[in-house]
Amino acid sequence: MDLAPDAGQAGRRWAARLAAVSIWLLPLLAIDPTTYLVLTVAGLAMGMLLFLTAAGLTVIFGLMDVLNLAHGAFFAWGAYAGFAVLNALNGLGWVETGTLGQGILSVLLALLAALAIGGVLGLFLERVIIQRVYGDHLKQILITMGASMVLAEVIKVLWSPNNQTVLVPLSFTGSYDIMDVVINKFRVVAIVVGLAVYAGVMAVMQKTKLGIIIRAGVENREVVQTLGYNINRIFTGVFMAGAALAAVGGSMWGIFREQITPAMGDENLIFALIVVIIGGMGSVTGSFLGACMVGLAFNYVAYLVPKLALGANILIMVVILFIKPWGLMGREQ
Amino acid sequence: MTGREPTPVQMERLHQRSRRFTRPGFLIQLALLACLIAGPLVMPSFRVMDLVAKIMIFAVAVASFDIILGYTGIISFAHGMFFGLGAYSVALICHYSQPVQYHHLLLAGVLAALISTVVAVVISALSLRVKAIFFAMVTLAVAEFCHILGYQWSSLTKGEDGVSFKLPGVFSADWSGGALWGTQINGRLLVYYLILVVCALLFVGLVRFVRSPVGRVLKAIRDNEQRATALGYRVFRYRVLSTVFGSLVSSLCGALFAMWLSYVNPDTVLGTPLMLNILLMVIIGGLGTVYGGILGAAFIKIAETWLPDLQKLALSLFPKMELMHRLAERWILLFGILYILSVLFFPKGVVGTLRDQAEARRLRRLGRP
Amino acid sequence: MPEAILSLAGVHTHIGQHHILQGVSLEAIRGRATVLLGRNGAGKSTTLRTVMGLTPASAGSIVFDGQAVEKARPHAVARAGVGFVPEDQAVLRGLTVEENFRLAMLQESPEAWAKMETIFELFADLKKFWRAKAGVLSGGQKQMLAIARAFVGDHKLLLIDEPSKGLAPIVVDHLIASLNQLKRHTTIILVEQNFHMASQVGSDYFILDDGRVVHAGLMEALVDDEGLKQKYLGIA
């Protein structure tokens, strides 16, 4: 832009950043530094996994104007798909007793299965149900809520309504110990994958033709159509990709927690919605920031006052809605 | 205009008013009320009375949800939470007051109303200002938070075990007052009549609200927000008003529900299944009809009562198929599919469809296309 | 007899319960600029949107370049060769000028980039702001970007909806000059309220009223026919 930024505005921006960092460090008053670092890593890892769900949710909302409440169900289905694959591979002796290579391969296969199941479910849901209710928010919310419930129930039919223990390769359990800061190995994996996905999504959005089409579609669907692009096909593709990301997130969550339940989709959806509201609907970067905030706040507060952990996130959401009703990076409509 | 001559609209209203006691709808209402009053005396079956009491409570809860969803076009996922707030108000006050007295019930009712009003005002003031879709998201999060609090704040709510309590005086389960025409008069029966009276009053209140000038403005906003704004209505205020009113009624329904069961726990009065039930009832009954709530609640509650028998039937038909057994256990799955199909193909519900047909008949009689 | 690139016969369009087009029939001749005139709400914009498939026709036929397109979806109409410049300078504000053009090129071929040279000649400003967000452009520049964007997509026909709306007279004059240049490369259908612009650009005209074509002819004839202008366009 060729306009000089307004000095006052820049000052305010720096003040906001300073405030953000000081709030981030605020828990240090009550938590000793070592624990604080452990919690920070845990919070970032949780944030990255939340981001995987929230990214799809926010792009689907921005592009298609659909609030997909079934997004959490993709997360749960991904977790169960990964669980099933790991169980099957354990029969071959790859998981609990396998070598490092077999362990890595089985985790990759689990994530791949999640990716596939997420894509297939996304394709099905978009084509069969959501395409019938484009442009009608009320019906979309009602129907995706129903789809979410049905998908969770099918999990209970196929597996069981109870918790399941996920078998995790030995090489992914345990933790690193760096000067008393204990860091769970899989948290590192989660952070790396989350950052990679964020970088990948941003690269696609900024550099590729597809990214231009999606950003253009977020702004004005009609123009994109009249320029010769079949918007329905793009909707389906984006919906599938979003669903697949959520499913991968779920599968990683399952491996990370070593336990899965049919209700995990609903819990994840709540967090993802908070993230998307904080970050601004339609903004990938906003979701990334929001996910980090929610993950960190959840872990700090869960350490101090376990009962209020979700409440702290709702409080953050409320405060953000007060200051910036459209979220951190949201566009006013 | 002389001021004496009624306008055509006034004439139509006067005409309708003159017929209001002879309309078939009014007669049906009267008959329904008579059945509800006489039912327990004529047919003393606890199972039936239990079913009917629950239907009454849910009919009002669903109708109040319809005020928010059908008449204002806002989706609140916190309707079940408000129900739960009312239920827990009664349960906790009765549980912790020793000995429990009549004024405690009144206090619980007032507390339920107060808490739900404050919470509803805060939530809607925050999220309705921006976009109605935010409201759905925020209420979903807040409702989940309350559900978790219900579990985890166990020093107050006793967590998963739930709170059981005694009602005061004649409403208490062990009070007995002799027999009337061969029917045992006891605490349960009196609570039933209390529920009947309160539900009838609330329902009349909801119907009046919908027909009031405020209700008409709400419909105008739902159908065309821009036009309503241009006409000078403060859309935001009306939305907040209707949300708060609907939530308030829901919390009172929750209070009645708790009194009926003398017991609450997080899953039955705060959890997602409750919210899904309300959604299903309102969809099946018909959005924007108020009366649909009665049908929706009756359908679901009766289905729930009969489902265990259906399950047994399914199991005996397919004794070998394990998947079939699991499917039969998951009746929420069947309800969910039914719900999706009704949103897609039957969006006006039973009452809405019937009304459309009646309207079409009326127009045909008038000779209009 | 000159060949029609687009012909509408008895086209009806409903939007919701409103019956907007009530049997529009018109033809646009290849290589010429056709102007649709008429009062507000006469159905001019809806005619363009119906051709594009954005508000699908409920009855009637639309033939473009020998193909029936009345049932085609917007992207298919665009790919068949119809470019659309919507009302209100609908550029994608969050995208750069470059990205707006890349979006418009279905294939980013050397030919398409060669066409950019023609565009830069016509609209020099767009080269200057190549990397700027389209949102920072002035109204006139946005309108030029919207037109140029439709032109770069290799279309045989451009539908342009009220380009002069909200622009200063001097900018409108610039726009008239550019459109007259553009006429040499492509066929244009223009919806315009500004009669000055319409008469400067158009060769043929159709006047719409209440969703029907009520008059048609050559632009030179209309310019001198005060009675007709008074009757349908409210100008003397």
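Quick caveat, the model's predicted, so the values are computed rather than measured.

**Brief notes about the overall build of chain B**
So, step 1. Summing up its helical and strand segments, chain B has 17 helices and four strands in all.
So, step 2. For 369 residues, the compact-globule estimate of 2.2 N^0.38 gives 21 Å, and chain B sits close to it at 22 Å.
So, step 3. Seen along its three principal axes, the alpha-carbon backbone of chain B occupies a region of about 65 × 50 × 45 Å.
So, step 4. By the burial criterion, 47% of the 369 residues in chain B qualify as buried.
So, step 5. With the model as given, the accessible surface of chain B reaches about 18600 Å², and the carbon-plus-sulfur share is 66%.
So, step 6. Side chains of chain B carry 34 positive and 17 negative charges; the gap between the two charge centres is 12 Å.

**Points about the overall build of chain C**
So, step 1. Regarding its fold elements, chain C presents 10 helices and 10 strands.
So, step 2. The C-alpha radius of gyration computed for chain C amounts to 17 Å, which stays within 12% of the reference 18 Å derived for 236 residues, consistent with globular compactness.
So, step 3. Summarising its shape, the C-alpha atoms of chain C cover approximately 45 × 40 × 40 Å along the three principal directions.
So, step 4. Looking at chain C as a whole, 54% of its 236 residues qualify as buried.
So, step 5. With an accessible surface of roughly 9900 Å², chain C has 51% of that area assigned to carbon and sulfur atoms.
So, step 6. A distance of 5 Å separates the average location of the 24 positive side-chain charges in chain C from that of its 25 negative side-chain charges.

**Topic: the interface of chain B and chain A**
So, step 1. Counting residues at the interface gives 39 residues for chain B and 46 residues for chain A.
So, step 2. Surface buried jointly by chain B and chain A totals about 3900 Å² across both partners, of which 84% is contributed by carbon and sulfur atoms.
So, step 3. If you look at where chain B meets chain A, you find zero salt bridges.
So, step 4. In this structure, the connection of chain B to chain A is made through one residue pair in polar contact (both at pLDDT 80 or more).
So, step 5. Among the elements of the structure, α6 (132-152), α13 (272-285), α15 (322-329) and α16 (331-345) of chain B are those that each provide at least two residues to the side of chain B that touches chain A.
So, step 6. By residue number, the principal contributor to the side of chain B that touches chain A is α6(B), which donates 12 residues.
So, step 7. Looking at the side of chain B that touches chain A residue by residue, the classes come out as 31 nonpolar, four polar and four charged.

**Here we look at the arrangement of the chains**
So, step 1. Contacts are most numerous between chains A and B, taken over all two pairs of chains that touch.
So, step 2. A gap remains between chain B and chain C, which never touch, and the nearest two C-alpha atoms on either side lie 13 Å apart.

**Overview of a nonpolar patch on the surface**
So, step 1. Residues Leu100(A), Ile104(A), Leu105(A), Leu108(A), Leu109(A), Leu112(A) and Leu115(A) make up a contiguous nonpolar surface patch of roughly 610 Å² in combined accessible area.
So, step 2. Checked against the element boundaries, Leu109(A) lands in helix α4 (residues 100-129).

**Topic: helix α3 (residues 46-69) of chain B**
So, step 1. With 24 residues, α3(B) should reach 34 Å at 1.5 Å per residue; the first-to-last C-alpha distance of 34 Å fits that figure.
So, step 2. With 20 of its 24 residues buried, α3(B) lies for the most part within the structure.

**Considerations on the sheet that holds strand β3 (residues 33-38) of chain C**
Residue and element names in this part refer to chain C.
So, step 1. One open sheet accounts for six strands, arranged β6-β7-β8-β3-β9-β10; its pairing is mixed. The sheet is open, and its two edges are formed by β6 (82-85) and β10 (212-218), each paired on a single side. Pairs of neighbouring strands in the sheet enclose a mean axial angle of 20°, with direction left out of account.
So, step 2. Two elements, β3 and strand β9 (residues 204-209), share five bridges in a ladder whose sense is parallel. Note on β9: the bridge partner recorded for Leu-36 is Phe-206.
So, step 3. In the packing of helix α6 (residues 139-152) onto the sheet, the strands contacted are β6 and β7 (157-161), and the crossing angle to β6 comes to about 170°.

**Topic: the confidence of the model for chain C**
A low pLDDT score tells you not to read the predicted coordinates there in detail.
So, step 1. With 98% of its residues at a pLDDT of 70 or more, chain C has an overall mean of 85.
So, step 2. When pLDDT is averaged over each element of chain C, strand β8 (residues 187-191) of chain C comes out on top at 91 and helix α10 (residues 226-233) of chain C at the bottom at 76.

**Let's talk about the pairing of β8(C)**
Residue and element names in this part refer to chain C.
So, step 1. With five of five residues buried, β8 lies mostly within the body of the structure.
So, step 2. Covered by surrounding structure in β8 are Thr-187, Ile-189 and Val-191 together with Ile-188 and Leu-190, the residues of both alternating faces.
So, step 3. In this structure, β7 lies alongside β8, joined through five bridges in parallel fashion. Paired with Leu-158 across the two strands is Ile-188, which belongs to β8.
So, step 4. Following the backbone out of β7, through helix α7 (residues 169-182) and into the adjacent parallel β8, one traces a crossover that is right-handed.

**Concerning the packing of aromatic side chains**
So, step 1. Scanning all chains against the criterion turns up 23 aromatic pairs over all chains.
So, step 2. Pairing Phe51(A) with Tyr198(A) gives two aromatic rings, centres 5.7 Å apart and planes at 75°, and the pair type is edge-to-face. Of this pair, Phe51(A) sits in helix α2 (residues 33-64) while Tyr198(A) sits in helix α6 (residues 185-207), and the two are 147 residues apart along the sequence. As far as burial versus exposure is concerned, Phe51(A) and Tyr198(A) are alike and both buried.
So, step 3. A cation sits over an aromatic face here: Arg222(B) above Tyr71(B), 6.0 Å from the ring centre.
So, step 4. Positioned above the aromatic ring of Phe58(B), the side-chain terminus of Lys301(B) is 4.3 Å from the ring centre.

**Focus: a positive patch on the surface**
All names here are of chain B.
So, step 1. Taken together, Arg-13, Arg-17, Arg-19, Arg-23, Arg-208, Arg-211, Arg-216 and Arg-355 make up a surface patch of like positive charges.
So, step 2. Among the secondary structure elements, those contributing two or more residues to the positive patch are α1 (8-18) and α8 (187-211).
So, step 3. With respect to the element layout, Arg-17 can be found in helix α1.

**Re the packing of α2(A) against helix α11 (residues 284-304) of chain A**
Residues and elements named next belong to chain A.
So, step 1. Viewed as axis vectors pointing N to C, α2 and α11 meet at an angle of 140°, and their least axial separation amounts to 6 Å. Between α2 and α11, the angle is such that the two are oblique. Crossing of α2 against α11: the hand is right-handed.
So, step 2. Of the residues assigned to the contact of α2 with α11, the class counts are 19 nonpolar, eight polar and no charged.

**Overview of the sheet that holds strand β5 (residues 67-68) of chain C**
Residue and element names in this part refer to chain C.
So, step 1. Across the sheet, four strands lie side by side as β2-β1-β4-β5; this open sheet has antiparallel pairing. Because the sheet does not close on itself, it has two edges, and the strands there are β2 (18-29) and β5.
So, step 2. Where strand β1 (residues 4-15) and β2 come together, nine bridges link them in antiparallel fashion. Paired with Ser-7 across the bridge in β2 is Glu-27.
So, step 3. Each of β1, β2 and β4 (59-64) is contacted by helix α1 (residues 44-52), which is oriented at about 105° to β1, the strand it contacts most.

Conventions and cut-offs
- Residues numbered from 1 in each chain as written.
- Chains lettered and ligands numbered in written order.
- Predicted model: local features only at pLDDT ≥ 70, side-chain atom pairs only at ≥ 80, totals over all residues.
- Heavy atoms only, no water.
- Helix = DSSP H or I, 4+ residues; strand = E, 2+ residues; numbered from the N terminus.
- Rg over C-alpha atoms; globule rule 2.2 N^0.38 Å.
- Buried < 20%, exposed > 50% of the residue type's maximum accessible area, 1.4 Å probe, protein only.
- Areas by Shrake-Rupley, 256 points an atom, 1.4 Å probe, with all protein chains shown as cover.
- Lys, Arg positive; Asp, Glu negative; His and termini not counted.
- Charge placed at Lys NZ, Arg CZ, Asp CG, Glu CD.
- Contact = heavy atoms within 4.5 Å.
- Buried area = accessible area lost by both parts, 1.4 Å probe.
- Salt bridge = Lys/Arg side-chain N within 4 Å of Asp/Glu carboxyl O.
- Polar contact = N/O pair within 3.5 Å; in protein donor to acceptor, adjacent residues only side chain to side chain.
- Nonpolar A, V, L, I, M, F, W, Y, C, P; charged D, E, K, R; others polar.
- Patch = residues over 30% accessible without salt bridge, like charges linked within 9 Å, V, L, I, M, F, W, Y side chains within 5 Å.
- Expected span 1.5 Å × (residues − 1).
- Pairing = 2+ DSSP bridges.
- Axes fitted to C-alpha atoms, helices over the stretch in contact; angles between N-to-C directions.
- pLDDT = per-residue confidence, 0-100.
- Right-handed = clockwise from strand over helix to strand, strands pointing away.
- Phe/Tyr/Trp six-rings, centres within 6.5 Å; stacked < 30°, edge-to-face > 60°.
- Lys NZ or Arg CZ within 6 Å of the ring centre and 35° of its normal.
- Parallel < 35°, antiparallel > 145°, perpendicular 65-115°, else oblique.
- Left-handed = near helix turned anticlockwise from the far one by under 90°.

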